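Take a look at the letters that make up each chain.
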Amino acid sequence: MATKIICNIKKTFTLFINIFGVFFAGILMLFAFLPFKLFFLPIISLSLLLYFYINSHNIWQNIRHSLLFGIGFFGSSLSWIYVPLHDFGNINTFFAILITIAFILVLSSIIIFFGIIFYNIHRKISIKYHKKKIYIILSIFINFPVFWLLQEFVRSKLAGGFPWLLLAYSQINSPLAGYIPIFGILITSWLTVIIASSIFAILFAYKHKMHITCYFFLLLIIIIISVGQLLRPITWTKKSNNKAIAVSIIQGNIPESLKWQPDMIYHTLNIYKNLTANNWNTLVIWPEAAIPLVADNPLAKYFNTQLSITAKQNNATIITGIITNENDHYYNSAITLAKNYNIYHKRHLVIFGEYLPKFLSNFLHDIFHSLHLELPSMTAGKMIQKNFNIIIANNHVIKAAILICYEIAFTDLLHSNLPQAQVLINISNDAWFGKTYAMWQQLQIAQTMALQTGRYLLIANNNGISAIIDNHGKIIKQSTPYTRSVLHGYFYTYNRNNPYVHLMSLIIILILLSAIIINFILLFIIDTDV
C-alpha cells in the first residue's frame, strides 16, 4: 500500500513538473522581446520544448506540451489584446476576456498542429533506429527547426496573418541579426531554432557517449554565431546622398477616449499646428489619423488648405494620417500637405478592428448590435501603391514608402515599393494598446524591418514610441512614451535592395525540400540492418 502511494506521489510530482516546466518555457519567450531584450532566452526556451517533445510518451502528452507552451508564450506576450477590446472597443469584460483567450488558443493550435507532425515523424524514426542514435539526432536536428519555421510562416499568413513575436525580432541585438538583411526574418528564426536543436543534440549525444557528434554540433553553433557577428557591420544597400535630411516627428499624445469627440477637434488640431510651427525647415511627420476628421469634412478641408499654403511658402512637406472617403468607401490614409499631393491608403487592415470578412459580417451583425458596437467598415487600399514623392530643401525630391500602424510587420507589402523607396515612414497610433508591452514589441518589429530592407525608418506615433531607426536597425533617437513632444533628428536615404529580396523564398524552399528528402530517406530508404 505504501509503495503504491509513493508511486502515485511520484507520478503526480512528475506530471506537475512537466506541466509547469513546459508552461514556464513558454513564458520565458516573453523576456526575449522588448522591453526586456534577453535574446538568448528563445534558445533555452525552445531547447526545453524540444526536451518535452522528445519525452512525450504518447500523442496526447505532445498536444498537452504544445498547448501549455503556446498558452505560456502567447498568453504572457499578447495579453494586451484585452486592452483595445475592452478599454477602447467598449466590449464588456466577459467578451473581451473570451476573445483574448480564443485568440491565444488559435495561435497555440498552430504549434499543436506542427507539434503532432513532429511527434509522429520522431516516433517512427526512433522505433526504426533505436540502435542507431545518430539518425535520431539527425531527424531531431532537421525537423524541429522546420516545424518552427512552418508555424511562423502559417501564423504570418493565416486569416490575414499575425507576424508578431517572430523569433528573428528578438535577435535584433544578437550576432544572428547579421543574417536578417541576407536571408530575411523567417530564415533568421530558423537559424535561432537550429542553435536550440544543436544544444539538445549535444546533450543527447553526450548521454549516449557520441563525443564526435557533440563536437560537430558545438562547432556548428560557433560557426553560426561567428559568421552572423561578422556580417552585422556590412551595409548591403547604397547611400543615395551623403547629406543628412532633417526631420521633425510630432507626437501629439491625444487620449484615444477624447480624440474623436466633437468638442476636442479644434483643440487637437491646434496642438499639432503649434508643435509644427517652429519646424518648417524640416520634413514634418504627424501620426496615424492625427487629423480626427474625414478629409472631405469642411473643417478638414480648410485646415489642410491653410497648412498646405504655409508648407508651400516654406518649401516644406507635412505627412499626416487622416480618414479619407472615395465614393462612400472609407480609408485609413496618409497624405502630404505640400507643393505636391501624395495619398496612400492602408493596405493591410486589422481584422475586427477595421474590417470584417464578408462571410462574417452578416453572422456578427446581431452580436455587434447587441453589444452596442458598430461593425468595422474600412476599405483596404490597393496592394500596389506608389511611393510618396517628398519635397525637401532646395526642391530636392526623395521617395518614401508609407506604412500605417500594424503594416510595419508585413514585409511583403514593400516588395512593390523597393528598391525605389529611399526611406520608410510608419505612422501609427499605439494609444489603443494602453500602457502595455505592445508598443515596445511593435518598435522591435520596426527595427527588424529597417535592418531587413537596409533603409532608415521614421516612426510617428500618437503617444509613442516615435523613433528614428537607421539602416542597421539601430534606434538613433526615440521619444518618451505617453508625452507630448517633437522628436528632432536626421536621416539618410538609401538605394538598392538587400540580398533577402532574392534569397529568402529560395532558401525556404530549399530547407523544406531538404527536410522532405532526408525524412523520406530515413523512413523508407535506409535499411536498419546495414
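Conventions adopted
- Residues numbered from 1 in each chain as written.
- Predicted model: local features only at pLDDT ≥ 70, side-chain atom pairs only at ≥ 80, totals over all residues.
- Heavy atoms only, no water.
- Salt bridge = Lys/Arg side-chain N within 4 Å of Asp/Glu carboxyl O.
- Helix = DSSP H or I, 4+ residues; strand = E, 2+ residues; numbered from the N terminus.
- Buried < 20%, exposed > 50% of the residue type's maximum accessible area, 1.4 Å probe, protein only.
- Expected span 1.5 Å × (residues − 1).
- Arc of directions from axis to C-beta.
- Phe/Tyr/Trp six-rings, centres within 6.5 Å; stacked < 30°, edge-to-face > 60°.
- Lys NZ or Arg CZ within 6 Å of the ring centre and 35° of its normal.
- Patch = residues over 30% accessible without salt bridge, like charges linked within 9 Å, V, L, I, M, F, W, Y side chains within 5 Å.
- Areas by Shrake-Rupley, 256 points an atom, 1.4 Å probe, with all protein chains shown as cover.
- Axes fitted to C-alpha atoms, helices over the stretch in contact; angles between N-to-C directions.
- Left-handed = near helix turned anticlockwise from the far one by under 90°.
- Contact = heavy atoms within 4.5 Å.
- Nonpolar A, V, L, I, M, F, W, Y, C, P; charged D, E, K, R; others polar.
- Core = buried A, V, L, I, M, F, W, Y, C linked by side-chain atoms within 4.5 Å.
- 1 Å grid on protein atoms, 1.4 Å probe; cavity = no way out; pocket = protein on both sides within 12 Å on 5 of 7 lines; lining within 4 Å.
- Points joined across faces, edges and corners; volume = space filled by probe spheres on them.
- Pairing = 2+ DSSP bridges.
- Right-handed = clockwise from strand over helix to strand, strands pointing away.

## Concerning the pattern of salt bridges
Scanning the model with the defined rule gives 1 salt bridge in all. The residue D412 makes a salt bridge to K157 at a minimum N-O spacing of 2.4 Å. Separated by 255 residues along the polypeptide, D412 in the loop between β9 (397-404) and β10 (423-428) and K157 in helix α6 (residues 133-157) bring together distant segments of the chain. Take D412: its relative accessible area is 39%, and that puts it in the partly exposed class.

## Observations concerning helix α12 (residues 265-276)
Between its first and last C-alpha atoms α12 spans 17 Å; for 12 residues at 1.5 Å apiece the expected length is 16 Å, and the two agree. Those residues of α12 that fall on the buried side of the exposure criterion are I265, T268, L269, I271, Y272 and T276. Taken end-on, α12 shows its buried residues confined to a sector of 155 degrees, consistent with a single buried face. Across from the buried face of α12, at angles greater than 90 degrees, the exposed residues are Y266 and N274.

## Focus on the packing of aromatic side chains
Scanning all chains against the criterion turns up 36 aromatic pairs. Where F94 meets F95, the ring centres are 5.4 Å apart and the plane angle is 80 degrees; that geometry is what we call edge-to-face. On the accessibility criterion, F95 (31% relative accessible area) is partly exposed. Aromatic side chains Y272 and W286 sit 5.1 Å apart centroid to centroid with 35 degrees between the ring planes, which places their arrangement in the tilted category. Highlighted residues: Y272 in helix α12 and W286 in the loop between β3 (283-285) and β4 (291-294), separated in sequence by 14 residues. You'll find Y272 and W286 in the same group, each marked buried. Linked through ring pairs, F33, Y53, F69, F73, F74, F118, F144, F147 and W148 together constitute an aromatic cluster. Above the plane of the ring of Y492 lies K239, whose end atom (NZ or CZ) is 4.1 Å from the centre. The ring of Y482 has K435 lying over it, and the distance from NZ or CZ to the ring centre is 5.1 Å.

## Looking at a nonpolar patch on the surface
A surface patch of nonpolar side chains, amounting to about 820 Å² of accessible area, comprises I509, L513, I516, I517, F520, I521, F524 and I525. Within the fold, I509 resides in helix α16 (residues 500-525).

## Here's the deal with the packing of α6 against α16
Relative to each other, α6 and α16 sit at 145 degrees, their axes nearing to 10 Å. For the crossing formed where α6 meets α16, the hand is left-handed. On α16, the residues that touch Y135, L138, S139, I142, N143, V146, L149 and L150 of α6 are I511, L512, A515, I518, N519 and L522. The residue makeup of the contact of α6 with α16, split by class, is 11 nonpolar, 3 polar and no charged.

## Here we look at the nonpolar core
By size, the foremost hydrophobic cluster in this structure holds 129 residues, and its most contacted members are F69, W148 and L458. At 14 residues, the largest contribution of residues to this core is made by helix α9 (residues 185-207). Residues within four places of F69 in sequence aside, it is in contact with V22, A25, G26, M29, S45, L46, L49, I111 and W148. With 21 residues, the next largest nonpolar core counts A290, A300, A316 and I335 among its residues.

## A word on unusual backbone geometry
Omega for the peptide link from L34 to P35 comes to 10 degrees, which places this bond in the cis form. Here P35 lies in the loop between α1 (2-28) and α2 (41-54). Here the residue pair L418 and P419 is connected by a cis peptide bond, since its omega of 5 degrees sits within 30 degrees of zero. Following the sequence through the fold, P419 ends up in the loop between β9 and β10. Of note, N327 is a non-glycine position whose phi angle comes to about 55 degrees, a positive value. Secondary-structure assignment places N327 in the loop between β5 (318-326) and β6 (329-337).

## Observations concerning the layout of surface pockets
The space that makes up the second largest pocket amounts to roughly 400 Å³. Lining the second largest pocket are 22 residues, and of these K157, L186, T411, D412 and M504 lie nearest its centre. Of all the elements in the fold, those that place two or more residues in the lining of the second largest pocket are α6, α9 and α16. Among the elements that take part in the lining of the second largest pocket, α16 stands out by supplying 5 residues, more than any other.

## Quick word on the sheet that holds strand β8 (residues 388-391)
Taken together, 6 strands build an open sheet; the order of strands is β8-β9-β10-β11-β12-β13 and the sheet is mixed. Since the sheet does not close on itself, it has two edges, and those belong to β8 and β13 (475-478), each with one partner. The mean angle between the axes of side-by-side strands here comes to 25 degrees, regardless of whether they run parallel or antiparallel. Bridge count for strand β11 (residues 457-461) against strand β12 (residues 467-469) is 3 bridges, and the pairing is antiparallel. From the neighbouring strand, L458 faces β12, where its bridge partner is I468. Relative to the sheet, helix α15 (residues 438-453) contacts β10, β11, β12 and β13, its axis offset from that of β12 by approximately 30 degrees.

## A few points about the side chain of S45
Within the secondary structure, S45 is located in helix α2. Using a relative accessible area of 0% as the deciding quantity, one classes S45 as buried. When residues no more than four places from it in sequence are discounted, the contact partners of S45 are A25, G26, L28, M29 and F69.

## Remarks on the side chain of N332
Structurally, the position occupied by N332 is in strand β6. The class of N332 is buried, set by a relative accessible area of 3%. When sequence neighbours within four positions are dropped, the list of residues in contact with N332 reads E288, I322, I323, Y344, H345, K346, E354, M378 and I404.

## Regarding the pairing of β9
For β9, the tally of buried residues reaches 6 of 8 residues, placing the bulk of the element in the interior. Taking the residues that link successive antiparallel strands as the turn, the β8-β9 hairpin has 5 residues, and the phi of N394 there is positive, at about 60 degrees. Relative to β10, β9 runs parallel, the two being bridged by 5 bridges. Bridge pairing in β10 links I402 to I425.

## Some details on the pairing of β11
With 5 of its 5 residues buried, β11 lies for the most part within the structure. Alternating positions in β11 separate into two faces, L457, I459 and N461 on one and L458 and A460 on the other, with burial throughout. With 5 bridges connecting them, β10 and β11 associate as parallel partners. By the bridge assignment, L424 is partnered in β11 with L457. Note on the crossover from β10 through α15 to β11: the handedness is right-handed. Hairpin remark: β11 followed by β12, antiparallel, with 5 residues in the connecting loop; positive phi at G464, about 100 degrees.

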